[in-house]
Amino acid sequence: MEQPLTQRADQPLRPRSKHRVRSRGKRHAAPTLTQQQTQVQPTSPADVPVPQPRPAEAQKAEERKAAGPKDADASDRFNQEKSRQRPEPSAPEPSTDMESEPEAPAAVPIPTQRPDIAEPEPPAVAPKPPEKPADTGDNKMLPDPRSAELPADRMPEEEVACRDRLKALGVEFEEHKAEHDAEIGCSIPYPIVLKTLGKSIGIGSGTELNCRMAEAAARFAADVIRPAVRAEFGADLKSIAQASAFVCRPRHGGGKLSEHAFGNALDIASFTLSDGRTIEIGPVPPEKDAKFLATVRKAACGPFKTVLGPGSDADHSLHFHFDLEPRRHGGTFCQ
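So, on to the overall build of the chain. Helices and strands together make up the secondary structure of the chain, namely six helices and 11 strands. Expressed as a percentage of contacts within the chain between residues at least 6 apart in sequence, the contacts between residues at least 24 apart total 62%. When the accessible surface of the chain is split by element, carbon and sulfur atoms take 54% of a total near 23900 Å².

What follows concerns the pattern of salt bridges. According to the stated counting rule, one finds 13 salt bridges in the structure shown. Between Arg146 and Glu259 there is a salt bridge; the shortest N-O distance is 2.9 Å. One end of the pair, Arg146, is in the loop between helix H3 (69–85) and helix H4 (157–168); the other, Glu259, is in the loop between strand E6 (237–244) and strand E7 (265–273), and 113 residues separate them in sequence. Of the two residues, Arg146 and Glu259, neither departs from the other in class, the shared state being buried. If you follow the salt bridges from partner to partner, you end up with Arg251, Lys256, Glu325 and Arg327 in one network.

To continue, consider the side chain of Asn264. If you trace the backbone, Asn264 turns up in the loop between E6 and E7. By relative accessible area, which is 4% here, Asn264 ends up buried. Within the structure, Asn264 has its side chain in polar contact with the side chain of Glu259 (distance 2.9 Å). Here Leu324 takes part through its backbone oxygen, which lies 3.0 Å from a polar atom of the side chain of Asn264.

Turning our attention to the state of the cysteines. Cysteine pairs can be linked by a disulfide, which is a covalent bond between their two sulfur atoms. Tallied over the entire structure, the rule returns three disulfides. Across the disulfide, Cys162 is cross-linked to Cys211 (sulfur-sulfur distance 2.0 Å). Since a negative S-S torsion denotes a left-handed disulfide, the Cys162-Cys211 link at about -105 degrees is left-handed. Placement of the pair is Cys162 in helix H4 and Cys211 in helix H5 (residues 211–233), with a sequence separation of 49 residues. Cys211 carries the same exposure label as Cys162, and that label is buried. Two residues, Cys186 and Cys248, share a disulfide whose sulfurs are 1.8 Å apart. Between Cys186 and Cys248 the disulfide shows an S-S torsion of about 95 degrees. By sign, it is right-handed. Taken as a pair, Cys186 in the loop between strand E2 (179–180) and strand E3 (187–188) and Cys248 in the loop between E6 and E7 lie far apart in primary sequence, 62 residues in all. Of the residues examined, Cys186 reaches a relative accessible area of 1% and is grouped as buried. The connectivity of the disulfides in the chain is 1-3, 2-4, 5-6, where the numbers refer to bonded cysteines in sequence order.

Below, the discussion takes up the packing of aromatic side chains. Going through the model one piece at a time under the given rule, you end up with six aromatic pairs. A centroid spacing of 5.4 Å and a plane angle of 75 degrees characterise the contact between Phe220 and Phe304, whose relative ring orientation is edge-to-face. Here Phe220, found in helix H5, pairs with Phe304, found in the loop between helix H6 (287–300) and strand E9 (306–308); they are 84 residues apart in sequence, far enough to count as distant. Accessibility classification places Phe220 together with Phe304 in one group, the buried group. Judged by centre distance (4.9 Å) and plane angle (15 degrees), the rings of Phe304 and Phe322 are stacked. A residue pair is termed long-range when its members are at least 10 positions apart, and Phe304 in the loop between H6 and E9 and Phe322 in strand E10 (residues 320–323) qualify at 18 residues. By relative accessible area, Phe322 is classed as buried at 1%. Here the aromatic cluster, defined as three or more aromatic residues joined through ring pairs, consists of Phe220, Phe304, Phe320 and Phe322.

Let's shift gears to unusual backbone geometry. For Ser200, which is not glycine, the phi torsion reads 60 degrees and is therefore positive. With relative accessibility at 55%, the residue Ser200 sits in the exposed group.

With respect to the secondary-structure elements, Arg277 resides in the loop between E7 and strand E8 (278–280). Judged by its relative accessible area of 35%, Arg277 falls in the partly exposed class. Residues Arg277 and Ala235 lie 42 residues apart in sequence; the distance between their C-alpha atoms is 9.3 Å. For Arg277, the residues in contact, after removing those within four places along its chain, are Phe233, Phe271 and Thr272.

So, about the pairing of strand E5 (residues 201–210). Counting buried positions along E5 yields seven of 10 residues, so the element is predominantly enclosed. One ladder, built from six bridges, connects strand E4 (residues 191–198) with E5; its direction is antiparallel. Opposite Leu194, over in E5, you have Thr207 as the bridge partner. If you look at the hairpin formed by E4 and E5, you'll find two residues sitting between the two strands, and Ser200 has a positive phi there, around 60 degrees. Handedness of the E5-H5-E6 crossover: left-handed.

Cut-off values and rules
- Residues numbered from 1 in each chain as written.
- Predicted model: local features only at pLDDT ≥ 70, side-chain atom pairs only at ≥ 80, totals over all residues.
- Heavy atoms only, no water.
- Helix = DSSP H or I, 4+ residues; strand = E, 2+ residues; numbered from the N terminus.
- Contact = heavy atoms within 4.5 Å.
- Areas by Shrake-Rupley, 256 points an atom, 1.4 Å probe, with all protein chains shown as cover.
- Salt bridge = Lys/Arg side-chain N within 4 Å of Asp/Glu carboxyl O.
- Buried < 20%, exposed > 50% of the residue type's maximum accessible area, 1.4 Å probe, protein only.
- Polar contact = N/O pair within 3.5 Å; in protein donor to acceptor, adjacent residues only side chain to side chain.
- Disulfide = S-S within 2.5 Å.
- Phe/Tyr/Trp six-rings, centres within 6.5 Å; stacked < 30°, edge-to-face > 60°.
- Pairing = 2+ DSSP bridges.
- Right-handed = clockwise from strand over helix to strand, strands pointing away.

This is the structure:
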């Protein structure tokens, strides 16, 4: 097969003819195109085999040879311009075949945590603690040995001696029938009702106590309260208003009988002085009254085994509570 005629820059195929003289612009374009064509199709080395042209290219080469230099040159320029305008190959469009490649999901699924490391979600509402069972009223008081005490046919010598001491202190009192309630447990075998706590010291009506508690109250009034009144106010103690004496009931909160159930407690609400002044017990008394009340309250811890008042709890915010509750080793509870 014939080799294609390759136009070289050093040997242009331009026959001499009358058409050789051309305009300045065309004569300048010819070597440029030739150089570009040479760069696109560099001369192969001697030892490299020249590929055989395809039939179409051979036919075009023959036609250019037959047409002459002018037509060949024009054809070369046309082909060069066409190659410049040829668009670069674009990236291949993604395949639209749905069967060959599945469509990716819109959101990536989150893997489920293993049960051993999964954290439980907190409840929407915090659980409420179980409610305490309603009080059915069947709660019984703890047994107290004093609840079984009953009067004997003859008054014991201890009770007789206690009454003799009250008379010596100037205390006026009356005997009262025995108090006993087997269902609740209240009991005072030998109660008395006080009319006075000593010479010229009155006490509210209905002050029913056992003799031992009555004696403790009378001595405290004479030895502590009266001197404190004279020192603080320059007057004498006229009377004491009691808020509670014997009451057959359990303690507030239940579980145990009150010392009032045995006539072993006395609640004091106020003190009346000889000049008509009244010192009431409360959470915020006047400064001078507060000083007097603090003196009495502090001194009561010892003669009495339990002392409560304002600040102890809501039940004792308006009175003093004094009692002789038996405690281990003779201890006291003062609050």
